[in-house]
Amino acid sequence: MEVENDVDVSPAESAMNLERHTKEFIPVSPSLDHQQPVHCDAWAQILSPLVKNGGLANIPQTTLRQNLQPVVSALERLDAELLLDLQPAESGPRVREGRCCKPIYNKVEPTIAMGDGPDAPSCVRYLHISEVPDQYSIGIFVFAPYARIPLHDHPDMCVLSRVLYGDLQRLSLDLVREEDTPMSIDDSTEPNRNNSWLGGWLNSVDSLKRKLPEGSKHALRKDHIDHLRAPAVTVLYPYEGNLHEFVAGPDGAAVLDVLLPPYDNTQNRDCTFYEIHDMPSTWPKPAGKEPCFIVPTGQPESFHCISGRYKDIGEADDYDF
């Protein structure tokens with residue numbers, strides 16, 4: 001992804017910038033001002049291990065979840081109507097229980113003419129807010145009705161998402177650690193392959209693996225589709241929920257994302273699109289999840305994510321996956 005970057009600063013300064021930026025661009029509801037704000041040291045606990053240890057994937061998920069909780073709380077307190085200057089409406093996309101608004105997709109500049117309906121080419125607008133390279137980025141994705149972001153990954157990243165208005169369907173997959181997948185079986189298993197049912201199963205796995213394109217991975221797909229509605233907050237991790245696909249409802253949606261760290265193809269954090277290939281029926285199945293292979297596809301021609309500006313948020317530079 002191509003985005004305009006801020007100047008390099010130290011982790012402590014970055015945390016301060018993020019807190020100050022959050023206060024400026026993510027107003028909280030006045031009725032919730034008594035709640036604990038996000039402090040600089042909370043951001044530093046997230047950013048410092050990233051800088052020192054070479055990646056969030058090396059940090060236990062329980063530690064990540066604990067350190068991210070102040071950020072989750074801040075996003076839950078966010079006042080979407082104030083942030084986007086949303087206009088109330090009797091019907092339309094939901095902001096919260098009993099509160100609807102007028103969508104803003106057609107107000108993002110420059111305007112882009114796209115077809116309507118579930119079968120139309122999908123264009124999602126991106127409103128850039130802030131970025132510090134290798135540490136975080138903040139931005140808002142604005143979905144037209146039925147707009148879709150195809151299945152994609154977030155390598156070695158955590159992403160916190162807050163639905164500002166509207167609703168979306170989300171397909172979510174866990175990325176399986178290499179050491180936990182039978183795709184990593186070594187040659188030490190070879191002598192047993194012809195002597196048991198396990199040997200035949202391993203042979204079938206190897207045969208399937210050889211047919212897959214380079215970059216294919218083992219993943220676990222939930223056995224259901226999540227339905228997210230404003231003001232939901234979700235978090236994905238380097239493995240749990242790391243791949244997802246969104247489809248907006250008939251009124252569209254807007255989602256604020258905090259990426260820790262941002263995409264960067266020079267750091268092996270490029271955004272890759274995938275399609276799902278089902279596993280053989282004999283593959284072990286964890287409760288509530290379906291094992292599958294994910295196969296890289298390149299960006300679908302029918303999908304575009306284009307930057308824009310809405311009021312005081314965003315930039316005019318091109319931004320495309």
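Given the structure is predicted, the values throughout are model-derived calculations rather than measurements.

Parameters at a glance
Residues numbered from 1 in each chain as written. Predicted model: local features only at pLDDT ≥ 70, side-chain atom pairs only at ≥ 80, totals over all residues. Heavy atoms only, no water. Helix = DSSP H or I, 4+ residues; strand = E, 2+ residues; numbered from the N terminus. Buried < 20%, exposed > 50% of the residue type's maximum accessible area, 1.4 Å probe, protein only. Contact = heavy atoms within 4.5 Å. Areas by Shrake-Rupley, 256 points an atom, 1.4 Å probe, with all protein chains shown as cover. Pairing = 2+ DSSP bridges. Core = buried A, V, L, I, M, F, W, Y, C linked by side-chain atoms within 4.5 Å. Expected span 1.5 Å × (residues − 1). Bend = angle between axes of the 7 residues up to and from the residue. Phe/Tyr/Trp six-rings, centres within 6.5 Å; stacked < 30°, edge-to-face > 60°. Salt bridge = Lys/Arg side-chain N within 4 Å of Asp/Glu carboxyl O. pLDDT = per-residue confidence, 0-100. Disulfide = S-S within 2.5 Å.

## Remarks on the overall build of the protein
1) Next: Broken down by element type, the protein carries five helices and 15 strands.
2) Next: With 321 residues in all, the protein has 48% of them scored as buried.
3) Next: A sequence separation of at least 24 residues applies to 78% of the contacts in the protein between residues at least 6 apart.
4) Next: With the model as given, the accessible surface of the protein reaches about 15,800 Å², and the carbon-plus-sulfur share is 48%.

## As for the pairing of strand 4 (residues 136-143)
1) Next: Within strand 4, eight of the eight residues are buried, leaving the element largely enclosed by the surrounding structure.
2) Next: Residues Tyr 136, Ile 138, Ile 140 and Val 142 of strand 4 are buried on one face, and the alternating residues Ser 137, Gly 139, Phe 141 and Phe 143, pointing to the opposite face, are buried as well.
3) Next: Summarising the sheet, strand 3 (residues 122-132) and strand 4 pair through eight bridges and their orientation is antiparallel. The partner of His 128 across the bridge, within strand 4, is Gly 139.
4) Next: Between the end of strand 3 and the start of strand 4, which pair antiparallel, lie three residues, with Asp 134 showing a positive phi angle near 70°.
5) Next: As defined by bridge partners, strand 4 adjoins strand 10 (residues 243-260) across seven bridges and the pair is classed as antiparallel. The residue bridging Phe 141 from the neighbouring strand is Val 255, located in strand 10.

## Thoughts on the nonpolar core
1) Next: Formed by 60 residues in total, the largest nonpolar core has its most connected members in Leu 84, Ile 140, Phe 143, Leu 164, Tyr 165 and Leu 256.
2) Next: Of all the secondary-structure elements, those providing two or more residues to this core are helix 3 (61-77), helix 4 (80-84), strand 3, strand 4, strand 6 (158-175), strand 10 and strand 13 (303-307).
3) Next: Looking at which element gives the most residues to this core, the answer is strand 10, with nine residues.
4) Next: Core analysis: the next-biggest nonpolar cluster, separate from the first, contains nine residues, Leu 171, Leu 175, Ala 219 and Leu 243 among them.

## Overview of the environment of Tyr 105
1) Next: Within the element layout of this structure, Tyr 105 appears in the loop between strand 2 (99-101) and strand 3.
2) Next: Looking at Tyr 105, the relative accessible area reads 10%, which means it is buried.
3) Next: Considered as a pair, Tyr 105 and Pro 145 are 40 residues apart in the sequence and their alpha carbons are 8.9 Å apart.

## Examining helix 3
1) Next: Taking 1.5 Å per residue as the helical rise, helix 3 with its 17 residues ought to reach 24 Å, and the 24 Å between its terminal C-alpha atoms agrees with that figure.
2) Next: The largest bend in helix 3 comes to about 40°, at Gln 69, with the proline Pro 70 one to four residues further on.
3) Next: When helix 3 is considered as a whole, its buried residues turn out to be Leu 64, Asn 67, Leu 68, Val 71, Val 72, Ala 74, Leu 75 and Arg 77.

## Here's the deal with the packing of aromatic side chains
1) Next: Within the structure shown, the criterion is met by three aromatic pairs.
2) Next: Ring centres of Tyr 126 and Phe 141 lie 4.9 Å apart, and the angle between their planes is 55°; on these two criteria the pair is classed as tilted. Here Tyr 126, found in strand 3, pairs with Phe 141, found in strand 4; they are 15 residues apart in sequence, far enough to count as distant.

## Side note on the pattern of salt bridges
1) Next: All told, the structure shown has 11 salt bridges when counted by the stated rule.
2) Next: With a closest N to O distance of 3.0 Å, Arg 94 and Glu 97 form a salt bridge.
3) Next: Linked through salt bridges whose partners overlap, the residues forming this network are Glu 81, Arg 96 and Arg 99.

## Considering unusual backbone geometry
1) Next: A cis amide bond links Glu 109 to the next residue, Pro 110, at an omega of -10°.
2) Next: Turning to its location among the elements, Pro 110 is positioned in the loop between strand 2 and strand 3.
3) Next: Look at the link from Ala 230 to Pro 231: it is a cis peptide, with omega at 10°.
4) Next: Mapped onto the secondary structure, Pro 231 falls in the loop between strand 8 (226-229) and strand 9 (233-236).
5) Next: Within the chain, Asp 134 stands out as a residue other than glycine whose phi angle is a positive 70°.
6) Next: Counting through the fold element by element, Asp 134 comes out in the loop between strand 3 and strand 4.
7) Next: The partly exposed category is assigned to Asp 134, whose relative accessible area is 32%.
8) Next: Although it is not a glycine, Tyr 146 adopts a positive phi angle of roughly 65°.
9) Next: Note that Tyr 146 resides in the loop between strand 4 and strand 5 (148-152).

## As for the confidence of the model for the protein
1) Next: A residue-level look at the protein finds 69% of positions with pLDDT of 70 or above and a mean pLDDT of 79.
2) Next: For the protein, the element scoring lowest by mean pLDDT is helix 1 (residues 11-25), at 40; strand 2 scores highest, at 98.
3) Next: Segment residues 1-42 is flagged for pLDDT under 50; beyond a separation of four residues in sequence, or across chains, it makes 85 contacts in the model.

## Describing the state of the cysteines
1) Next: Overall, the coordinates contain zero disulfides when judged by the stated rule.
2) Next: Sulfur of Cys 100: no disulfide; nearest cysteine sulfur belongs to Cys 101 and is 7.4 Å away.
3) Next: The exposure class of Cys 101 is buried, given its relative accessible area of 0%.

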